[in-house]
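Coordinate analysis (summary)
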Amino acid sequence: MFVTSRCVVAVLAVWAIWALQAAAAAPGLDLVAIPGGSFVTGDAGGDANEVRREVTVGAFSLMRREVTNAQFAAFVAAQDRVSEAEVRGSGYVWSQRWRLVANADWRHPQGPDSSIAGLDDHPVVQVSAHDAEAFCAFHGLRLPTEEEWAFAARGPQSLRYVWGAVPPVQDGRQLVANFGTEDCCAPDDSDGYVRTAPVGSYPAGRSPFGLDDMAGNVWEWTASLFPGRPSQRVIRGGGWGNNPYGLRAAYRHGNPPHFALDMVGFRCAGPAP
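The following refers to the structure shown. (Residues numbered from 1 in each chain as written. Predicted model: local features only at pLDDT ≥ 70, side-chain atom pairs only at ≥ 80, totals over all residues. Heavy atoms only, no water.)

The next subject is the sheet that holds strand β4 (residues 60-63). Within a sheet, adjacent strands bond to each other through the backbone by hydrogen bonds, running parallel or antiparallel. One open sheet holds the three strands; their spatial order is β1-β4-β11, and the pairing between them is antiparallel. On the outer flanks of this sheet lie β1 (31-34) and β11 (269-271), each paired with one strand and no other. Direction aside, the axes of adjacent strands within the sheet are offset by 30° on average. With three bridges joining them, β4 and β11 adopt antiparallel strand pairing. Within the sheet, the bridge partner assigned to S61 lies in β11 and is G270. (Pairing = 2+ DSSP bridges. Helix = DSSP H or I, 4+ residues; strand = E, 2+ residues; numbered from the N terminus. Axes fitted to C-alpha atoms, helices over the stretch in contact; angles between N-to-C directions.)

Secondary-structure assignment places D212 in the loop between α5 (146-154) and β7 (219-226). At a separation of 2.8 Å, a polar atom in the side chain of D212 contacts the side chain of R206. Apart from residues no more than four positions distant in its own chain, D212 is found in contact with R64, R65, G200, Y202, P203, R206 and R267. (Polar contact = N/O pair within 3.5 Å; in protein donor to acceptor, adjacent residues only side chain to side chain. Contact = heavy atoms within 4.5 Å.)

Let's shift gears to the environment of L119. Tracing the chain through its elements places L119 in the loop between β6 (98-102) and α4 (129-138). Looking at L119, the relative accessible area reads 25%, which means it is partly exposed. Counting along the chain gives 51 residues from L119 to T68, while the straight-line C-alpha distance between them is 8.6 Å. (Buried < 20%, exposed > 50% of the residue type's maximum accessible area, 1.4 Å probe, protein only.)

On to the pattern of salt bridges, then. A side chain with one charge may pair with a side chain of the opposite charge, provided their charged atoms come close. Under the definition given, this model contains 14 salt bridges. When the shortest N-O distance is used, the salt bridge between E133 and R233 registers 2.8 Å. Taken together, the residues E133 in helix α4 and R233 in strand β8 (residues 229-236) connect sequence positions 100 residues apart. Overall, the relative accessible area of 28% leaves E133 in the partly exposed class. (Salt bridge = Lys/Arg side-chain N within 4 Å of Asp/Glu carboxyl O.)

Glancing now at the sheet that holds strand β10 (residues 264-265). Pairing in this open sheet of four strands is mixed, and the strands run β9-β8-β7-β10 from one edge to the other. Each of the sheet's edge strands pairs with one partner strand only, and the pair in question is β9 (252-255) and β10. Helix-sheet contacts for α5 involve β7, β8 and β9, and the interaxial angle to β7 is about 135°.

Let us look at the state of the cysteines. Under the defined criterion, the tally for this structure stands at two disulfides. The disulfide that involves C136 links it to C268, with 2.1 Å between the sulfurs. Residues C136 and C268 share a disulfide whose torsion about the S-S bond is about -90°; that sign makes it left-handed. Of this pair, C136 sits in helix α4 while C268 sits in the loop between β10 and β11, placing them 132 residues apart in sequence. The exposure classification of C136 matches that of C268, with both residues buried. Disulfide pairing is shown between C184 and C185; the S-S distance is 1.6 Å. Every disulfide takes its handedness from the sign of the S-S torsion; for C184 and C185 that torsion is -85°, giving left-handed. (Disulfide = S-S within 2.5 Å.)

This part takes up the packing of aromatic side chains. Within the structure shown, the criterion is met by 13 aromatic pairs. Centre to centre, the rings of F39 and F151 are 5.5 Å apart; their planes meet at 45°, and the pair counts as tilted. You can see F39 sitting in strand β2 (residues 37-41) and its partner F151 sitting in helix α5, a full 112 residues away along the chain. We note that F39, like F151, is buried. Ring geometry for Y161 versus W163: centroids 5.4 Å apart, planes at 15°, classification stacked. Taken together, the ring pairs in this structure connect F72, F75, W106, F135, F138 and F266 into an aromatic cluster. Here R252 stacks its cationic end above the ring of F226, 5.1 Å away from the centre of that ring. (Phe/Tyr/Trp six-rings, centres within 6.5 Å; stacked < 30°, edge-to-face > 60°. Lys NZ or Arg CZ within 6 Å of the ring centre and 35° of its normal.)

Geometry only, nothing functional implied.
Next up, the structure:
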């Protein structure tokens, strides 16, 4: 028992050092050290593309929260970058279905009449996978692989939802995520926000590694190609317009990497400290 306890203390101490080193690697981005491990991905009660299988990932680090409008604005100012939605002059907006809206971009998520004024701490949206990769690279980081993202969300317990086995409800009690109507799929303000919420607003819904908003708020780009669709990237996590089924940790979609949408953002990954 003494040896076991001492080993646990040693592991926790190493993990704490990793976390401090990861945070120092990219100031302001709050990287959390994720130890390597194995888990079961997929969901037997999910979609056909959610086949259960065991996956092992190495140690890495991942942002505690999604990249915010303020963080992306600082990157744009430093790099004089023009996002892909701005170059194309349009972005996709969700309202019962996806619509391509002229002049929707990260500063105007739902179109030219919308704004991010007062939303500095909300997750940035209307950014493509290429925009996300450029932001991460600027900070010496990268997008996570789908497997890394899933392990960080589910942990070695392979949870169905990032907080456990029980689906979220919009009943005004302890809220675990920012999501949509319980019947698919429309914006809903029962959780306090119609669309995006400030990052970290639902601490009861943190993942096993203490990460915020791994379910709901906004979908997140990964670096992985969608199986069978080489022109698409995997996005994970569900967003403010999804129902509880869409917030399952195994749920996945694929989008072309140049797409920008008002329910999709990202967070960056890095190497193990």
